[in-house]
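Chain by chain, the residues:
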Amino acid sequence: MGIFRKKKNATAGRLDPEKLPRHIAIIMDGNGRWAQKRGLPRTAGHAAGAETFRTIATYCRDIGIQYLSVYAFSTENWKRPADEVAAIMGLLERFLREALETMEKDRVKVRFFGDVSVLSDRMQELIAETAEISSHYDGVQVNMCVNYGGRDEILRAARSYARDYAADGRALDDKTFERYLYSAGVPDPDLIIRPSGEQRLSNFLLWQAAYAELYFTDVYWPDFTTQELDRAIIAFQHRKRRFGGV
């Protein structure tokens, strides 16, 4: 089975294809609670959430979204039980293996945001191979945030800039600083979606989210459908984005 599913749902009638967000970011939240409500282990929720990701990624590609960023594993998620961490890493490895098998057909570019140096050697090899092969494609770009934290990203960027400044005195502005972020070269998200009822960013894309539209829903991530995504996009399309203007 490839990482992308066949398109199952037509675009909702009210969704304006001319006003799609260029970049959607999603905090894939609620997997554990979804499982617990059903008397299942939390790991079952992560497996169900992985299937939802496949469906949503496919739909984003099919309707013309250019960038999709997903919060797969945060720098704080290491605090979770060891079996849950192992299950998430196992699902990520499965995703990478399937991506490599279907990449030529799907033509999807995959990038990774976060410090992957702490992952297993095999995971790092899969990540590097996936990123290198997919860099030649020009379809939708999926940004997988793995061992990622917004504050950590900003601190790492600041340290890197400080080293360069010490070497050549390079002046700092927004555009210069952005080149030191994991997301260098990727436009900021237009729309950030968080399912599960929580209404916070939880250290996700803090720099990049400065002018993103936020959308929250009580639906747990495993139950998040393409219709739910349509609702989020339609809400985005009805908002006025002034970027500090009038």
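Here, every reference points to the structure presented above.
Here the structure is a predicted model, which means the values were calculated and not measured.

Draft legend 1. Fine view of the overall build of the protein chain. Scanning the protein chain for helices and strands turns up seven helices and six strands. For the protein chain, the N- to C-terminal ordering of α and β elements is β-α-α-β-α-β-α-β-α-α-β-β-α. Relative to the 2.2 N^0.38 estimate, which gives 18 Å for 246 residues, the radius of gyration of the protein chain is 18 Å and therefore close to what a compact globule would have. Along the three orthogonal principal directions, the C-alpha set of the protein chain runs to about 55 × 50 × 35 Å. A fraction of 79% describes how many contacts in the protein chain between residues 6 or more apart in sequence connect residues 24 or more apart. In the form shown here, the protein chain has an accessible surface area of approximately 12,300 Å², with 50% of it arising from carbon and sulfur atoms. In the protein chain, 36 side chains carry a positive charge and 34 a negative one; their mean positions are 4 Å apart.

Draft legend 2. Representation of the sheet that holds strand β5 (residues 191-194) within the structure. Taken together, six strands build an open sheet; the order of strands is β3-β4-β2-β1-β5-β6 and the sheet is parallel. Either end of the sheet is taken by a strand with one partner, and the two such strands are β3 (109-113) and β6 (213-216). Between one strand axis and the next, the sheet turns through 20° on average, direction left out of account. As defined by bridge partners, β3 adjoins strand β4 (residues 141-148) across five bridges and the pair is classed as parallel. Directly across from F112, in β4, lies its bridge partner M144. Running at roughly 160° to strand β2 (residues 67-74), helix α2 (residues 42-63) makes contact with β1 (23-27), β2 and β4 of the sheet.

Draft legend 3. Just the environment of I88, in detail. Structurally, the position occupied by I88 is in helix α3 (residues 82-106). Ignoring anything within four residues of it in the chain, the contact list for I88 reads H46, A72, F73 and R80.

Draft legend 4. Examining α2 more closely. When the terminal C-alpha atoms of α2 are compared, their 32 Å separation across 22 residues agrees well with the 32 Å that a helix rising 1.5 Å per residue should span. Of the residues trailing α2, G64 is marked for its positive phi of about 105°.

Draft legend 5. Layout of the state of the cysteines. Summed over all chains, the structure comprises zero disulfides. The thiol of C145 is unpaired, and the distance to the nearest cysteine sulfur, on C60, comes to 14 Å.

Draft legend 6. Up close: the packing of α3 against helix α4 (residues 121-134). Axis separation between α3 and α4 bottoms out at 10 Å; the angle between their running directions is 35°. Viewed along their axes, α3 and α4 form a crossing whose handedness is left-handed. From α3, M89, L92, E93, L96, R97, A99, L100 and M103 reach across to α4, where they touch R122, M123, L126, I127, E129, T130, I133 and S134. When its residues are assigned to classes, the contact of α3 with α4 shows 10 nonpolar, two polar and four charged.

Draft legend 7. Inspection of unusual backbone geometry at higher detail. For R107, which is not glycine, the phi dihedral falls at a positive 55°. Among the secondary structure elements, R107 is positioned in the loop between α3 and β3. For R107, a relative accessible area of 35% gives the class partly exposed. Its identity as a non-glycine residue notwithstanding, S202 has a phi of 50°, on the positive side. Take S202: it is sitting in the loop between β5 and β6.

Draft legend 8. Structural context of the pairing of β2. Judged by how many residues are buried, β2 sits mostly within the fold: seven of eight residues are covered. Bridging between β1 and β2 involves five bridges; their strand directions are parallel. Of the residues in β2, the one forming a bridge with I26 is V70. In this sheet, β4 lies alongside β2 in parallel orientation, the contact comprising seven bridges. Within β4, the residue paired with F73 across the bridge is V146.

Calculation notes
Residues numbered from 1 in each chain as written. Predicted model: local features only at pLDDT ≥ 70, side-chain atom pairs only at ≥ 80, totals over all residues. Heavy atoms only, no water. Helix = DSSP H or I, 4+ residues; strand = E, 2+ residues; numbered from the N terminus. Rg over C-alpha atoms; globule rule 2.2 N^0.38 Å. Contact = heavy atoms within 4.5 Å. Areas by Shrake-Rupley, 256 points an atom, 1.4 Å probe, with all protein chains shown as cover. Lys, Arg positive; Asp, Glu negative; His and termini not counted. Charge placed at Lys NZ, Arg CZ, Asp CG, Glu CD. Pairing = 2+ DSSP bridges. Axes fitted to C-alpha atoms, helices over the stretch in contact; angles between N-to-C directions. Expected span 1.5 Å × (residues − 1). Disulfide = S-S within 2.5 Å. Left-handed = near helix turned anticlockwise from the far one by under 90°. Nonpolar A, V, L, I, M, F, W, Y, C, P; charged D, E, K, R; others polar. Buried < 20%, exposed > 50% of the residue type's maximum accessible area, 1.4 Å probe, protein only.

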